[in-house]
Amino acid sequence: MARIKMAYLGGGSTRAAGTMASFIHHRGADFDGSEIALIDIAPDRLSLVETLARKMARARGLDIAVSSTTDRRAGLDACDAVLSSFRPGGFEARALDERTANAHGLIGQETQGVGGFFMALRAIEVMKAVAADIDAVCPHAKVFNYTNPVNVVAQAWTSNCAIPLVSLCEGPYSFTAELAQAAGLDPERVTSRMIGLNHACWSVEHAFDGGDLMPYVHEACQALAPGSPLSVGEQRLLRLASAMESIPADYFLYYYWRDEVLAEQLAKPKTRAEDILSWVPGYWDHYAEQAETDDPVLDPARSRGGIHELELAIDAMHAVFNDTGDVLPVNVPNRGSLPGFCDDLVVEVTGRCDAQWVQPLAQPELPRHLRGLVEMLAEYQMLAAEAAWSGTRRDAIRALAANPLVLSVEKAEAVYAELSAAHRAFLPDRLLAP
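Counting of residues starts from 1 at the beginning of each chain's written sequence and follows it residue by residue. pLDDT decides what is reported in this predicted model: residues at 70 or higher carry local features, side-chain atom pairs at 80 or more are listed and counted, and totals for whole chains, interfaces and linings draw on all residues regardless. As a convention, hydrogens and water are excluded, and side-chain values are obtained from all of the structure's heavy atoms.

Caption draft 1: The arrangement of the packing of aromatic side chains in detail. Between 30 and 60 degrees the pair is tilted, below 30 it is stacked and above 60 it is edge-to-face, where a pair is any two Phe, Tyr or Trp rings, Trp via its six-membered ring, whose centres lie within 6.5 Å. Enumeration according to the criterion identifies 14 aromatic pairs in this entry. A ring pair is formed by Phe117 and Tyr380, whose centres lie 6.5 Å apart and whose planes are at 45 degrees; its orientation type is tilted. Of the two residues, Phe117 is situated in helix 5 (residues 113-137) and Tyr380 in helix 14 (residues 368-390); the sequence distance between them amounts to 263 residues. Exposure is judged per residue with a 1.4 Å probe applied to protein chains only, and the accessible area is read against the type maximum: over 50% gives exposed, under 20% gives buried, and values in between give partly exposed. On the accessibility criterion, Tyr380 (7% relative accessible area) is buried. With centroids separated by 6.4 Å and ring planes inclined at 75 degrees, the aromatic side chains of Trp202 and Tyr256 adopt a geometry described as edge-to-face. Of the two residues, Trp202 sits in strand 8 (residues 200-208) while Tyr256 sits in helix 10 (residues 253-256), which places them 54 residues apart along the sequence. Taking relative accessible area as the criterion, Tyr256 reaches 32% and is therefore assigned partly exposed. Counting every residue linked through ring pairs, the aromatic cluster contains Phe117, Phe118, Tyr380 and Tyr416. The helix count covers DSSP runs of H or I at least four residues long, the strand count covers runs of E at least two residues long, and both are numbered beginning at the N terminus.

Here's what the structure looks like:
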């Protein structure tokens, strides 16, 4: 049982209540005697999450101290672990990214294309300041990152900073479960190993009850017909998995059905972020109601994530600080683990997590028919990370133009001009000057 101080960047976010519930319900006993410092820019919401976390811990007889602050450096002081999950500009910035991308004939999405690129620019500028704070007040801390896009954030950090950072995402689990459900199979009986990049990974092992999964996928795909009860997305997922004989990250649908997805987005009255913004007041109403109880219980239908938010990050912390050696999906520099990709590229692979930190494990090669798009996204990832950390406006436009969902200098220049001006408050001058 490790006693640590964890600083949570984004401790006043919509997902923070669920993260605290996950930490306390899922791993509270493994960290009894620890301290959590919630850090955010919204004091009222910080106070509410602090109350929820304290009451959850107390109801379970756990000795976990919880504090909150808007002073980032003070909250980071002497911490052992930093959990990063924040959204510069909030859902309002995401909505602007999505709507502006659509106006320029491009897909709007939080981690892909234009949306992912501008999220990276905003997030990495904050992360540079976080790195300076950690170096000053907790130089031995380890960073567990969920700030999106996690691959570009990790690429920028690990290419420029010696402080240990691992980015995490449940995608390799959820993509497998989604395909199993689409194929009419019990997800608990399907196993896989997925590798590549975050939100751009494929399975290189996939089994149902220990046997080959793909015959079941082919059968489900061949059974598709007009009037299928499956959603359009589920049908596309089955078709892609069957064609490639691999479980895909569902984000690949943006690339393999780019024109169709764009048309569907343009036909909707609101973007995804605008939908979420309409739900946010209800989340906080629910959290406030539960904060009045002695043992808060989050309803997944009325909260963002329920009690399972950031559970993989908490598992990784447990593995590192309690030295378990658990093997988990991680996003870290390749260091030879994924053949055909450079050593400093941040890849999503399985890694062993223990007191020595995170060691990526040797992986098989991605088959050529799967590798091409991943290679394009890898080059974009490197360009975007470099531009965000230290590049110029020209570097940023080149990176955006290289994204497979853009691939147009004219569109990259136009959308960059509009969104860099709109997000001026979040960007450094070097990314604004012509």
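Moving on, there is more to tell.
Caption draft 2: Representation of the UniProt feature "binding site: substrate" (unreviewed entry) in the protein in the model. As annotated in UniProt, the feature "binding site: substrate" (unreviewed entry) corresponds to Arg94 and Asn148 in the numbering used here. Over a stretch of 55 residues, the named residues converge on one spot in the fold, their C-alpha atoms separated by at most 11.3 Å. With relative accessibility at 8%, the residue Arg94 sits in the buried group. Not counting residues up to four positions away in its chain, the partners in contact with Arg94 are Arg87, Glu110, Arg122, Arg272, Ala273 and Ile276. UniProt positions are given in the numbering used here, feature names are shortened, and annotations may be inferred rather than shown by experiment. Here a residue-residue contact requires only that any non-hydrogen atoms of the pair lie within 4.5 Å.

Caption draft 3: Fine view of the pairing of strand 1 (residues 5-9). The buried count for strand 1 comes to five of five residues, which makes it a mostly enclosed element. Strand pairing is assigned whenever DSSP identifies at least 2 bridges connecting the two strands. Bridging between strand 1 and strand 2 (residues 35-39) involves five bridges; their strand directions are parallel. Among the inter-strand pairings, Leu9 is bridged to a residue of strand 2, identified as Ile39. Crossover strand 1 to strand 2 through helix 1 (residues 16-27) is right-handed. As defined by bridge partners, strand 1 adjoins strand 4 (residues 81-84) across four bridges and the pair is classed as parallel. Each bridged residue has a counterpart across the sheet, and for Ala7 the counterpart in strand 4 is Val82. A clockwise course of the path from the first strand over the helix to the second, judged with the strands pointing away from the viewer, identifies a crossover as right-handed.

Caption draft 4: Focus on the pattern of salt bridges. Salt bridge, as used here: a side-chain nitrogen of Lys or Arg that lies within 4 Å of a carboxyl oxygen of Asp or Glu. What the rule picks out here adds up to 20 salt bridges. Arg94 is the partner of Glu98 in a salt bridge, and the nearest nitrogen-oxygen pair spans 2.9 Å. Remark: Arg94 and Glu98 occur in helix 4 (residues 90-103); sequence separation between them is four residues, near one turn of the helix. Each member of the pair, Glu98 as well as Arg94, is classed as buried.

Caption draft 5: How the structure looks around unusual backbone geometry. Cis geometry marks the peptide bond from Asn148 to Pro149, where omega comes out at -10 degrees. By the secondary structure assignment, Pro149 is in the loop between strand 5 (142-145) and helix 6 (150-160). Although it is not a glycine, Asp209 adopts a positive phi angle of roughly 55 degrees. By the element assignment, Asp209 lies in the loop between strand 8 and strand 9 (211-212).

Caption draft 6: Here's a closer look at the pairing of strand 8. In terms of burial, strand 8 is largely enclosed, as seven of its nine residues are buried. Bridge count for strand 7 (residues 190-197) against strand 8 is eight bridges, and the pairing is antiparallel. Following the sheet pairing, Val190 is matched in strand 8 by Phe208. The turn joining strand 7 and strand 8, which pair antiparallel and follow one another in sequence, is formed by two residues; a positive phi near 60 degrees is taken by His199. Bridge count between strand 8 and strand 9: two bridges; the pairing is antiparallel. Within strand 9, the residue paired with Ala207 across the bridge is Asp212. Taking the residues that link successive antiparallel strands as the turn, the strand 8-strand 9 hairpin has two residues, and the phi of Asp209 there is positive, at about 55 degrees.

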